[in-house]
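So you can see what is in the structure, the chains are spelled out below.
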Amino acid sequence: MEIYKVNSNTTEQLVMRTEVINNNLSPSWEPFRVSLHSLCSCDPDKTIRCVVHDYNSSGKHDYIGEFTTTFREMQEVSSGKEMEFECINPKYQEKKKHYTNSGTVVLTQCKVEKVHTFLDYIMGGLQIYFTVAIDFTASNGDPRKSLLPETTHN
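Residues numbered from 1 in each chain as written. Predicted model: local features only at pLDDT ≥ 70, side-chain atom pairs only at ≥ 80, totals over all residues. Heavy atoms only, no water.

Under an unreviewed UniProt entry, the name given to the chain is C2 domain-containing protein, and the source organism is Chelydra serpentina.

As enumerated under the stated definition, the model contains 7 salt bridges in all. The salt bridge involving Asp45 is made with Arg72; its shortest N-O contact spans 2.7 Å. Residue Asp45 is located in the loop between α1 (36-40) and β3 (47-54), and its partner Arg72 is located in helix α2 (residues 71-75); the two are separated by 27 residues in the primary sequence. Relative accessible area serves as the criterion here: at 45%, Arg72 is assigned to the partly exposed category. In this structure, Glu113 and Lys111 form a salt bridge, with 3.9 Å as the shortest nitrogen-oxygen distance. It is possible to trace a salt-bridge network through shared partners that takes in Glu12, Arg49 and Glu66. (Salt bridge = Lys/Arg side-chain N within 4 Å of Asp/Glu carboxyl O. Helix = DSSP H or I, 4+ residues; strand = E, 2+ residues; numbered from the N terminus. Buried < 20%, exposed > 50% of the residue type's maximum accessible area, 1.4 Å probe, protein only.)

Attention now moves to the sheet that holds β3. Spatial strand order, β2-β1-β3-β4: 4 strands in an open sheet with antiparallel pairing. In this open sheet, the two strands that pair with only one neighbour each are β2 (12-17) and β4 (62-70). If you compare each strand with its neighbour and ignore which way they point, the axes differ by 25° on average. The pairing of strand β1 (residues 2-6) with β3 spans 4 bridges and is classified as antiparallel. Its bridge partner lying in β3, Ile3 is registered against Cys50. (Pairing = 2+ DSSP bridges. Axes fitted to C-alpha atoms, helices over the stretch in contact; angles between N-to-C directions.)

Once that is clear, we can look at the nonpolar core. For soluble globular proteins, the rule of thumb is that nonpolar side chains tend to be buried together. Ranked by internal contacts, the top residues of the largest apolar core, which has 18 residues, are Ile48, Phe67 and Leu107. Every element with two or more residues in this core is listed here: α1, β3, α2, β5 (83-86) and β6 (104-107). In terms of residues, this core owes the most to one element, β3, which gives 3 residues. Residue contacts for Leu107: discarding those within four places in its chain leaves Met74, Val77, Glu82, Met83 and Phe85. (Core = buried A, V, L, I, M, F, W, Y, C linked by side-chain atoms within 4.5 Å. Contact = heavy atoms within 4.5 Å.)

Looking now at the packing of aromatic side chains. This model, assessed by the stated rule, comprises 2 aromatic pairs. With a centroid separation of 4.7 Å and 10° between ring planes, the pair formed by Phe67 and Phe85 is classed as stacked. Of this pair, Phe67 sits in strand β4 while Phe85 sits in strand β5, and the two are 18 residues apart along the sequence. Residue Phe85 is classed as buried on the basis of its relative accessible area, which comes to 9%. (Phe/Tyr/Trp six-rings, centres within 6.5 Å; stacked < 30°, edge-to-face > 60°.)

Checked against the element boundaries, Glu82 lands in the loop between α2 and β5. When its relative accessible area of 56% is taken as the criterion, Glu82 is described as exposed. For Glu82 and Val106, which are 24 residues apart along the polypeptide, the C-alpha to C-alpha distance reads 6.7 Å. Leaving out residues up to four positions away in the same chain, Glu82 has contacts with Val77, Val106, Leu107 and Thr108.

Attention now goes to unusual backbone geometry. Of note in the backbone geometry, Asn23 takes a positive phi value of approximately 50° without being a glycine. By relative accessible area, Asn23 is classed as exposed at 84%. For Ser41, which is not glycine, the phi torsion reads 55° and is therefore positive. Residue position: Ser41 is located in the loop between α1 and β3. Judged by relative accessible area, which is 32%, Ser41 ranks as partly exposed.

What follows is the structure, encoded as structure tokens:
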């Protein structure tokens, strides 16, 4: 599965590609972390497009379908319920009369974890005692001369 951030000018930027799960029609991907800035530029209503492929070792992967969502929608999972997205293949949707979907993707968990920055610690009252020392003693030798022996090249 590939996850894309849809920009305001309708261009897309790949955010994440999950691992490949071979020989499984109902894959369960490993949990992953992605920054909110990468996923949706910190805009919970920005469109996120997910595209699902069936991996083939030849490199010609079969397109299964896709769906769109927003981070705001995905956050509803954090209240303990799962969310199901229908993978739609537009070509099948046009051609097949009774087409509903090509499968579903179930989101089981979505957590927001605050990552504190150095500035957060400083603004929170952290005090740092910092000491710098420079050694100017002559016993170290002339700083313009290398201490390493010179090597000759043939």
